[in-house]
Amino acid sequence: MGSYTNCRNYAHDDPVEELKEMGSPLKLMPLHATGWLNDMKVSSPTAISVNIGNPGAFDPIYRAWTKKYPSALLAFNQIVAYGKGKKIALFLDYDGTLSPIVDEPDNALMSDQMREVVRNAASHLPTAIISGRSCDKVFDFVKLTELYYAGSHGMDIMGPVGKSGCVNNHSNGSNSSHKQGKDLKIFQPASEFLPIINEVFRLLVERTTGINGALVENNKFCVSVHYRNVDEKDWPLVAQCTNDVLKAYPHLHLSHGRKVLEVRPVIDWNKGKAVEFLLDSIGLADCESVLPIYIGDDRTDEDAFKVLREDKRGFGIVVSSVPKESYALYSLVDPSEVMDFLKRLVKWKEEEASRATIK
Ligand SMILES: [Mg+2]
């Protein structure tokens, strides 16, 4: 991993720095502070109704929250002022960011319109999808070969077709190959965990069979236990079954997503590390000339928000229709606002390019 010590000195008059100074220190709830059940409730807030496109009509509590996490649409000029003259690298979560959250995870389709917007963004900016899903699954949803993909919370990274020459071979756990096509694997830091992940997947499927609505998904380097369709009175059963299975696997740990328990290998790797790895691998580690922007809705995205915030190299945009603590600097309500933001970003990039041509 490259050194980023040169990334810690921003001009104090930049808008991002100003926003950082406005916010109080973040206090994220410790994952296991009050037990799994409480974490399941905290990680799965009920969405409130917001009047999209009319921030004045937002719930007053939400409106107050956006003072701390300004809308990336309303603060767009501020964001692009900071990105002026820099290369913007775009990192996008999938579920709840590019696609709506749905009851059946296999039905989380992104719209054709969103696909076109992401394709257009990728033609102007280096773009990566960072998801808890396996690389194959998220690629099947997105279907764009020009992107980088980091599946399984960043534990399965592959590069775009035809850009293998841009990807460094990392010796630490890398499984690089230079095959063309969507199977180009560039980094799998948890590959030795595959057998126990498959074993735990089978056990969790068996143990949760009797829980109505529970769904266990194998995401290659992690297992997701979805309880979106489980009656809340049965959530303790989901927690108990998962806990019982995990007791025998000290090298696996659990994190909480939106109505999903994520079982992952205990390794020092997460979406934040994946962002650092990708920036380093594709030659975008210089924060003097690169502005990484990460858009995501999930608790696991906080690792990436935190890395960008603490390294003062870029920022996160949290997608949420409910107030919540975050390491992000800005907010968007839902995937439709993400689409609007990406469109504006592309338009701004095109205008910047044409201004540069005229000069
Ligand atoms: Mg998500």
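Basis of the calculations
Residues numbered from 1 in each chain as written. Predicted model: local features only at pLDDT ≥ 70, side-chain atom pairs only at ≥ 80, totals over all residues. Heavy atoms only, no water. UniProt positions renumbered as here; feature names shortened; annotations may be inferred. Phe/Tyr/Trp six-rings, centres within 6.5 Å; stacked < 30°, edge-to-face > 60°. Helix = DSSP H or I, 4+ residues; strand = E, 2+ residues; numbered from the N terminus. Buried < 20%, exposed > 50% of the residue type's maximum accessible area, 1.4 Å probe, protein only. Contact = heavy atoms within 4.5 Å. Pairing = 2+ DSSP bridges. Axes fitted to C-alpha atoms, helices over the stretch in contact; angles between N-to-C directions. Core = buried A, V, L, I, M, F, W, Y, C linked by side-chain atoms within 4.5 Å.

- Under the annotation held in an unreviewed UniProt entry, the chain carries the name Trehalose 6-phosphate phosphatase and is attributed to Eragrostis curvula.
- On record in UniProt, under Pathway (unreviewed entry), the comment for the chain is "Glycan biosynthesis; trehalose biosynthesis."

## Some details on the packing of aromatic side chains
Part 1 of the reasoning: Counted under the stated rule, the structure contains 12 aromatic pairs.
Part 2 of the reasoning: Here F76 and F341 contribute two aromatic rings whose centre-to-centre distance is 5.8 Å and whose plane-to-plane angle is 75°, an arrangement assigned as edge-to-face. Taken together, the positions of F76 in helix α4 (residues 76-83) and F341 in helix α11 (residues 335-358) put the pair 265 residues apart, joining distant regions of the chain. Residues F76 and F341 agree in their burial class; the two are buried.
Part 3 of the reasoning: Through successive ring pairs, a cluster of aromatic residues spans Y62, W65 and Y69.

## What to know about the environment of L37
Part 1 of the reasoning: Structurally, L37 can be placed in helix α2 (residues 36-42).
Part 2 of the reasoning: In this structure L37 comes out as partly exposed when scored by relative accessible area, which is 31%.
Part 3 of the reasoning: As for L37 and W235, which are separated by 198 residues in sequence, their C-alpha atoms are 7.2 Å apart.
Part 4 of the reasoning: Setting aside its immediate chain neighbours within four residues, L37 contacts W235 and P236.

## Concerning the environment of V200
Part 1 of the reasoning: Residue position: V200 is located in helix α7 (residues 194-208).
Part 2 of the reasoning: For V200, a relative accessible area of 0% translates into the label buried.
Part 3 of the reasoning: Note: C-alpha distance between V200 and V263 (63 residues apart in sequence) is 8.9 Å.
Part 4 of the reasoning: With sequence-adjacent residues up to four places away left out, V200 is seen in contact with V245, L246, Y249, L252 and V263.

## A short note on the sheet that holds strand β8 (residues 252-257)
Part 1 of the reasoning: Pairing in this open sheet of four strands is antiparallel, and the strands run β6-β7-β9-β8 from one edge to the other. For this open sheet the edge positions go to β6 (215-218) and β8, each flanked by a neighbour on one side alone. Taking the axes of each pair of neighbouring strands and ignoring which way they run, one obtains an average angle of 20° across the sheet.
Part 2 of the reasoning: Where β8 meets strand β9 (residues 260-265), six bridges bridge the pair, whose relative direction is antiparallel. Bridge assignment links L254 to a residue of β9, and that residue is V263.
Part 3 of the reasoning: Helix-sheet contacts for α7 involve β6, β7 (223-226), β8 and β9, and the interaxial angle to β6 is about 165°.

## As for the nonpolar core
Part 1 of the reasoning: One finds F91, I157 and L278 to be the most contacted residues of the largest nonpolar core, which totals 56 residues.
Part 2 of the reasoning: Top element by residues in this core is helix α8 (residues 235-246). It accounts for six residues.
Part 3 of the reasoning: A122, L144, Y330 and L345 belong to the second largest nonpolar core, which has 46 residues in total.

## Side note on the pairing of β6
Part 1 of the reasoning: Sheet topology note: the β6/β7 ladder contains four bridges and is antiparallel. The residue bridging E217 from the neighbouring strand is S224, located in β7.
Part 2 of the reasoning: Counting the residues that bridge the hairpin from β6 to β7 gives four residues, and of these K220 lies at a positive phi of roughly 70°.

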